[in-house]
Amino acid sequence: MTTPTSVLLFAAGLGTRMAPLTNSRPKPLVEVAGRALLDHAIAHCGGLKVVVNAHYFADQIESHLAGTDISISDERGELLETGGGLKHALPILGDGPVYTMNTDAVWNGPNPLKRLEESWRPEMNGLLLMIPRKNAVGHTGKGDFDIGADGQITRGHDYVYSGVQIIRTDLLASIDKTSFSMWDLWTPMLEDGTLFGVAYGGAWCDVGRPDSIPIAGDLLKGSHSV
């Protein structure tokens, strides 16, 4: 079975919830515990080809990654959303399934990408890493999905999507749009039963707003219980 060898880190968004910190820099370069959110994400990607997409303050993302072997998927021309960003990055990512990872969260526990790799199976078109709603530190919304006994997911409220997944990219060929959400990929998978989920057992914090930053710092130190 093919396991992913590349990962796309989403770093192109406008970061409006993080204002005013994002008035002069992109959200992935906001620091938690003295380290940029983007660098917290990169730390989980050892051994993989890493691609970072960039739109908002793209020059700052490029400067931050200068001198590394990380590739930039340039979206300066248009904000493509998550699905469109993935499609745009495919020539760099290569064929086969890939990881995607949001950069506005921190983790304390097992490597989230390895957790997905352990559960990836041939019948899956997508595998999402989930946080039990009660453990979703910093997350203010409802849950996103429920997970069935077989691992198949449905829309629900028990689990929050962590922002990390494995997804097969061949289905992107059927989408004609350039800018679109990941839901354009997920919805057909939900309908045909090929979208799965697995729970993460460690600690996770959504860092979407300025008041999440100290909470995330405490979680990294292990002083925020879940």
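Attention here is on the structure that accompanies the text.

Turning next to the overall build of the protein. A count of helices and strands for the protein gives 6 helices and 14 strands. Its C-alpha atoms give the protein a radius of gyration of 17 Å, within 12% of the compact-globule value 17 Å for 226 residues. Burial statistics for the protein: of 226 residues in total, 50% are counted as buried. Taking the contacts inside the protein whose residues are at least 6 apart along the sequence as the reference set, 70% of them involve residues at least 24 apart. Here the protein has roughly 9900 Å² of accessible surface; of this, 50% comes from carbon and sulfur atoms. A gap of 5 Å separates the mean positions of the 18 positive and 26 negative side-chain charges of the protein.

Moving on: helix H3 (residues 81-93). With 13 residues, H3 ought to run about 18 Å at 1.5 Å a step, and its terminal C-alpha atoms sit 17 Å apart, in line with that. Maximal helix bending in H3 amounts to about 30°, located at Lys87; proline Pro91 follows within four positions. Taken residue by residue, H3 has Gly83, Gly84, Gly85, Leu86, Ala89 and Leu93 as its buried positions. Looking at the buried positions of H3, the neighbouring elements they touch are strand S1 (6-10), strand S4 (49-54), strand S5 (71-74), strand S6 (98-102), strand S12 (159-167) and helix H5 (183-192). A positive phi of about 95° marks Gly94, the residue just after H3.

What follows is about the sheet that holds strand S7 (residues 105-108). In spatial order, the strands read S7-S14-S9; together these 3 strands make up an open sheet with mixed pairing. Both outer strands of the open sheet, S7 and strand S9 (136-137), are each paired with one neighbouring strand and no more. Judged from the 4 bridges that link them, S7 and strand S14 (residues 203-206) form a sheet pairing that is antiparallel. Its bridge partner being in S14, Trp107 is matched across the sheet by Trp204.

Most of S6 sits inside the fold, with 4 of its 5 residues counted as buried. Bridge count for S1 against S6 is 4 bridges, and the pairing is parallel. The residue bridging Leu9 from the neighbouring strand is Met101, located in S6. For S6 and S12, the ladder comprises 4 bridges, and the chain directions are antiparallel. When the bridges of S12 are listed, Tyr99 appears paired with Ile166.

Another point: the nonpolar core. Taken as a class, soluble globular proteins show a tendency for nonpolar side chains to be buried jointly. Among the nonpolar cores identified, the biggest contains 34 residues, and Leu9, Val52, Ile61, Trp107 and Leu116 are the most heavily contacted of them. In contact with Ile61, other than residues within four places in its own chain, are Ala11, Pro26, Pro28, Leu29, Leu38, Val52, Ala54 and Ile72. By size, the runner-up hydrophobic cluster in this structure holds 21 residues, among which are Leu93, Met130, Phe145 and Phe180.

Following the criterion strictly, the structure yields 9 salt bridges and no others. Among the ionic pairs, Lys27 bridges to Asp104, the shortest N-O distance being 3.1 Å. One end of the pair, Lys27, is in the loop between S1 and strand S2 (31-32); the other, Asp104, is in the loop between S6 and S7, and 77 residues separate them in sequence. By relative accessible area, Lys27 is classed as buried at 14%. You can call Asp104 buried: its relative accessible area is 17%. Of the charged contacts, one joins Lys114 and Glu117 as a salt bridge, the two residues approaching to 3.7 Å between their closest N and O atoms. Here Glu117 and Lys114 lie together in helix H4 (residues 112-119), a separation of 3 residues that amounts to about one turn. The class of Lys114 is partly exposed, set by a relative accessible area of 46%. The partly exposed category is assigned to Glu117, whose relative accessible area is 31%. A single network of salt bridges, built from pairs that share partners, joins Glu62, Asp74 and Arg76.

Here we take up the packing of aromatic side chains. Enumeration according to the criterion identifies 6 aromatic pairs in this entry. An aromatic cluster is present here, built from Phe145, Tyr161, Trp183 and Trp186 joined pairwise through their rings. Above the ring of Trp183, the side-chain terminus of Arg155 is found at 4.1 Å from the ring centroid.

Reading the values: the criteria
- Residues numbered from 1 in each chain as written.
- Predicted model: local features only at pLDDT ≥ 70, side-chain atom pairs only at ≥ 80, totals over all residues.
- Heavy atoms only, no water.
- Helix = DSSP H or I, 4+ residues; strand = E, 2+ residues; numbered from the N terminus.
- Rg over C-alpha atoms; globule rule 2.2 N^0.38 Å.
- Buried < 20%, exposed > 50% of the residue type's maximum accessible area, 1.4 Å probe, protein only.
- Contact = heavy atoms within 4.5 Å.
- Areas by Shrake-Rupley, 256 points an atom, 1.4 Å probe, with all protein chains shown as cover.
- Lys, Arg positive; Asp, Glu negative; His and termini not counted.
- Charge placed at Lys NZ, Arg CZ, Asp CG, Glu CD.
- Expected span 1.5 Å × (residues − 1).
- Bend = angle between axes of the 7 residues up to and from the residue.
- Pairing = 2+ DSSP bridges.
- Core = buried A, V, L, I, M, F, W, Y, C linked by side-chain atoms within 4.5 Å.
- Salt bridge = Lys/Arg side-chain N within 4 Å of Asp/Glu carboxyl O.
- Phe/Tyr/Trp six-rings, centres within 6.5 Å; stacked < 30°, edge-to-face > 60°.
- Lys NZ or Arg CZ within 6 Å of the ring centre and 35° of its normal.

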